[in-house]
Amino acid sequence: GVAELIETNNIGNASNPQIAVNAAGVAAAVWYQYDGTRNNIWTNRYSPGTGWSTARLIETVDNGDAINPQITVDAASNALAVWQQHDGDHWNIWANRYTTGTGWGTAELIETNDSGNAQYPKIAVDEAGNALAVWHQSDGSRNNIWANAYTPGAGWGSAQLIETDNAGDAFSPQI
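What counts and what doesn't
- Positions within a chain are numbered from 1, following the residues in the order the chain's sequence is written.
- Predicted model: local features are reported for residues with pLDDT of at least 70 only, side-chain atom pairs are reported and counted for 80 or more only, and whole-chain, interface and lining totals are derived from all residues.
- For the side-chain quantities, the full set of heavy atoms in the structure was used; hydrogens and water were omitted.
- Nine residue types can take part in a nonpolar core, namely buried Ala, Val, Leu, Ile, Met, Phe, Trp, Tyr and Cys, and a core is a set of them joined through side-chain atoms within 4.5 Å.
- The cut-offs for exposure are 20% and 50% of the maximum accessible area for each residue type, with area from a 1.4 Å probe on protein chains only; residues under the lower value are buried, those over the upper are exposed, and the others partly exposed.
- Put simply, DSSP marks the helices as runs of H or I at least four residues long and the strands as runs of E at least two long, and each gets a number from the N terminus on.
- The criterion used for residue contact is that any of the two residues' heavy atoms lie within 4.5 Å.
- The term salt bridge refers to a pairing of a side-chain nitrogen on Lys or Arg with a carboxyl oxygen on Asp or Glu at a separation within 4 Å.

Draft legend 1. How the structure looks around the nonpolar core. Counting residues in each nonpolar core, the largest one holds 18 residues, and the members touching the most others are Ile41, Ile58, Ile71, Ala79, Ala81, Trp83 and Trp104. At the level of elements, strand S2 (27-34), strand S6 (66-73), strand S7 (79-86) and strand S8 (91-99) are the ones that each hand at least two residues to this core. Take this core: its biggest share by element is four residues, from S6. In contact with Ile58, not counting residues within four places along its chain, are Val30, Ile41, Thr43, Ala81, Trp83, Asn96, Trp104 and Ala107. Within the second largest apolar cluster, 13 residues are counted, among which are Ala95, Trp135, Trp146 and Trp156.

Listed below in C-alpha cells is the structure:
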C-alpha cells in the first residue's frame with residue numbers, strides 16, 4: 001500500500017510508535033506525543049476495507065508526562081494499551097481498553113505501589129481477550145518485576161510482585 005499519516009497533531013513530535021494486529025487484519029497503533037507542555041498517549045485503529053480512523057488521545061491525566069506505550073489486539077478486535085505516566089512524584093502504570101462497537105474507555109491506574117517508579121510496561125492478550133501486563137518497579141532498594149491481569153467482564157485485578165529473588169535488580173520484562 002501507500003504510506004499514510006496516522007497522526008495529525010502537529011504541535012509536537014510523535015515518538016515510540018507501537019502496533020498490534022489480529023488475524024482478521026484489524027490493527028491498533030499507539031505512541032506518545034508532545035503537546036507543547038507534556039507527552040500524551042495517542043492511538044489510531046485500522047480496519048480492513050475502511051482503513052485508518054482518526055487519531056485519538058486515550059489518556060487525560062495532566063499531572064505529568066505519559067510515555068512508553070504498548071498495545072495489543074484480541075481476536076474480537078478489542079485493544080488494550082498500557083503506558084507509564086508521571087504523577088508528580090513517581091512513574092505509574094496506566095491502561096485503557098478499546099471495546100469493539102463502543103470505543104475507548106477511561107484510562108485507569110493498574111498499579112498502586114508508590115514505593116518507587118514503575119516503568120516500561122509490556123502487554124500480551126490471548127484470543128479470548130485475557131491480558132497480562134508486566135513492568136519493572138523499584139521498591140526503594142531494587143527493581144522488581146510486577147504484573148497485573150485483565151479479564152473481560154471483570155477488568156483489571158490487583159498488581160502482584162512476580163519476581164522475588166532479592167539478590168539484585170530485575171529489569172526489562174517481556175511477555
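Resuming the write-up.
Draft legend 2. Looking closely at the environment of Thr164. Tracing the chain through its elements places Thr164 in the segment after strand S15 (160-161). By relative accessible area, which is 62% here, Thr164 ends up exposed. Between the alpha carbons of Thr164 and Gln137 there is a distance of 12 Å; along the sequence they are 27 residues apart.

Draft legend 3. Quick look at the pattern of salt bridges. All chains considered together, the criterion is met by three salt bridges. Measuring nitrogen to oxygen at the nearest pair gives 2.9 Å for the salt bridge that ties Arg38 to Glu59. Taken together, the positions of Arg38 in the loop between S2 and strand S3 (39-47) and Glu59 in the loop between strand S5 (56-57) and S6 put the pair 21 residues apart, joining distant regions of the chain. Residues Arg38 and Glu59 agree in their burial class; the two are buried. Its salt-bridge partner being Asp139, residue Arg142 comes within 3.7 Å of it at the nearest N-O pair. Using a relative accessible area of 24% as the deciding quantity, one classes Arg142 as partly exposed. Overall, the relative accessible area of 32% leaves Asp139 in the partly exposed class. Each of Arg38, Glu59 and Asp62 takes part in one network of salt bridges that share partners.

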